[in-house]
Amino acid sequence: MNHLLKLLDLSKEEIYDILNLADQLKYELKHGIPHPLLAGKSLGMIFQKSSTRTRVSFEVGMYQLGGQALFLSANDLQIGRGEPVEDTARVLSRYLDGIMIRTFEQTEVEMLALHGSIPVINGLTDFAHPCQVLADLMTIREYKGRLESLKLCFIGDGNNMMNSLIVGGLKVGMKVSVACPEGYHPSESVLEYAYETGNFELSDNPEKAAADADVIITDVWASMGQEGEAEKRKIAFDGYQVNNTLLALAKPDAIVQHCLPAHRGEEITAEVFEAHAGEIFEEAENRLHAQKAVMVKLMSEKYR
Ligand code: CP
Ligand code: NVA
């Protein structure tokens, strides 16, 4: 594993390796055991979109590993004025030990990896959010004790989160059932992979997707960059809300995950959100541990 661009690139073993290391790093942090595995290393973090969790968890994570992180707003970099990504990649590779990038196009992340000579981590594109889904899988395993053969249900938009959860869930051996309205389906490349596994179903029926689920997951109806479509999407996603009626169809001990930020009253009710806040904020915390594991795997000679 040289980069984390999308979960489609990772094997089942690589995903479990990351989750196991993340558990170990979480344990060490909670018990005051230092782990300066990236001492002297620098991570550049390029942001074309807003962030609370990704920015803070990467920056703090890098500090805890003995390295440093640089926040690079795309508006302030020359890339924002048109410097080609090929050149940015070659320049940054001469200063840094790794790059985390949050942007719109998946191709930009792939180009950065292609033209640079250091590991690149996808911190969210319109296509994928692999760091978030590694944290989600870590959280689900914490609550359920395993991932294999659990039913994961996602209700809502076929966006970066749905794409990555389908791939991540199936790769670790879960059954994945998603419900989304016509016109808001996940990406073709994801569906191609998903249907081949035989453990995937897609419908426009939230009740069917939620039936007997172990985990119910949702995300905003309008992602970053789609703010102008918010009203249209509210109409399209009517009926695709995670509420108590829907949750009653899942297993009685089902957990709820949301990558955050959440829009109460839209994709999830305030009641469901607060009843499952423990799991949701554990998921947010696990961004830190999962990403530290990813950085160690990619940037430490010892672990590569
Ligand atoms: N879930 C997530 O990626 O949060 P941020 O947008 O705050 O980074
Ligand atoms: N789908 C959301 C996820 C935010 C973490 C977005 O792309 O805005």
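Whatever comes next refers back to the structure up there.
Overview of the structure. It should be emphasised that the depicted structure is a prediction, and the values quoted were computed from it without experimental measurement. (Residues numbered from 1 in each chain as written. Chains lettered and ligands numbered in written order. Predicted model: local features only at pLDDT ≥ 70, side-chain atom pairs only at ≥ 80, totals over all residues. Heavy atoms only, no water.)

## What about the site of ligand 1?
Our working definition: Residues are classed as near a molecule or strand on a simple rule: at least one heavy atom within 4 Å of it. Under this definition, polar contacts are N or O atom pairs within 3.5 Å; protein pairs additionally need one hydrogen-donor-capable and one acceptor-capable atom, and for neighbouring residues in sequence, both atoms have to be side-chain atoms. Residue polarity is assigned by list, with Asp, Glu, Lys and Arg as charged and Ala, Val, Leu, Ile, Met, Phe, Trp, Tyr, Cys and Pro as nonpolar; anything else, Gly included, falls into the polar class.
Surveying the vicinity of ligand 1 reveals the residues Ser51, Thr52, Arg53, Thr54, Arg102, His129, Gln132, Cys259, Leu260 and Arg287. Cys259 places a main-chain nitrogen or oxygen 2.9 Å from a nitrogen atom of ligand 1. In the environment of ligand 1, an oxygen atom lies 3.0 Å from a nitrogen or oxygen atom belonging to the side chain of Arg287. Class assignment of the residues belonging to the shell around ligand 1 gives a composition of 2 nonpolar, 5 polar and 3 charged.

## With respect to the state of the cysteines
Under the convention used in this document: Count a disulfide wherever a pair of cysteine sulfur atoms falls within 2.5 Å. Throughout this description, buried means an accessible area under 20% of the type-specific maximum (1.4 Å probe, protein chains only), exposed means over 50%, and partly exposed covers the range between.
All chains considered together, the criterion is met by 0 disulfides. With no disulfide of its own, Cys153 has Cys180 as its nearest cysteine by sulfur position, at a separation of 11 Å. What makes Cys153 buried here is its relative accessible area of 0%.

## Comments concerning the packing of helix H1 (residues 12-30) against helix H5 (residues 130-144)
The description of two packed helices rests on the angle between their axes and on the distance between the axes. Quick note on the threshold: A fitted line through C-alpha atoms represents every axis, and for helices the fit uses only the stretch in contact; the resulting angles, taken between N-to-C directions, go from 0 to 180 degrees. Only DSSP runs of H or I with at least four residues qualify as helices, and only runs of E with at least two residues qualify as strands; both kinds are numbered from the N terminus onward. Our angle categories are set so that under 35 degrees counts as roughly parallel, over 145 as roughly antiparallel, 65 to 115 as roughly perpendicular, and the remainder as oblique. In this scheme, a crossing is called left-handed if the near helix is turned counterclockwise away from the far one by less than a right angle; it is called right-handed if the turn is clockwise. We call two residues in contact when some of their heavy atoms are within 4.5 Å.
The contact between H1 and H5 brings their axes to 10 Å, and the two run at 70°. The angle between H1 and H5 falls in the class roughly perpendicular. H5 is crossed by H1, and the crossing has right-handed handedness. Of H5, the residues touching H1 (which contributes Ile15, Tyr16, Ile18, Leu19, Asn20, Ala22, Asp23 and Lys26) are Leu134, Leu137, Met138, Arg141 and Glu142.

## What to know about the packing of helix H3 (residues 85-92) against helix H4 (residues 106-115)
Contact geometry of H3 with H4 gives a least axis separation of 8 Å together with a crossing angle of 50°. Accordingly, the angle class assigned to the pair H3 and H4 is oblique. Here the hand of the crossing between H3 and H4 comes out right-handed. For the pair formed by H3 and H4, the contact residues are Val85, Glu86, Ala89 and Arg90 on the first element and Glu108, Met111, Leu112 and His115 on the second. Class assignment for the residues of the contact of H3 with H4 results in 4 nonpolar, 1 polar and 3 charged.

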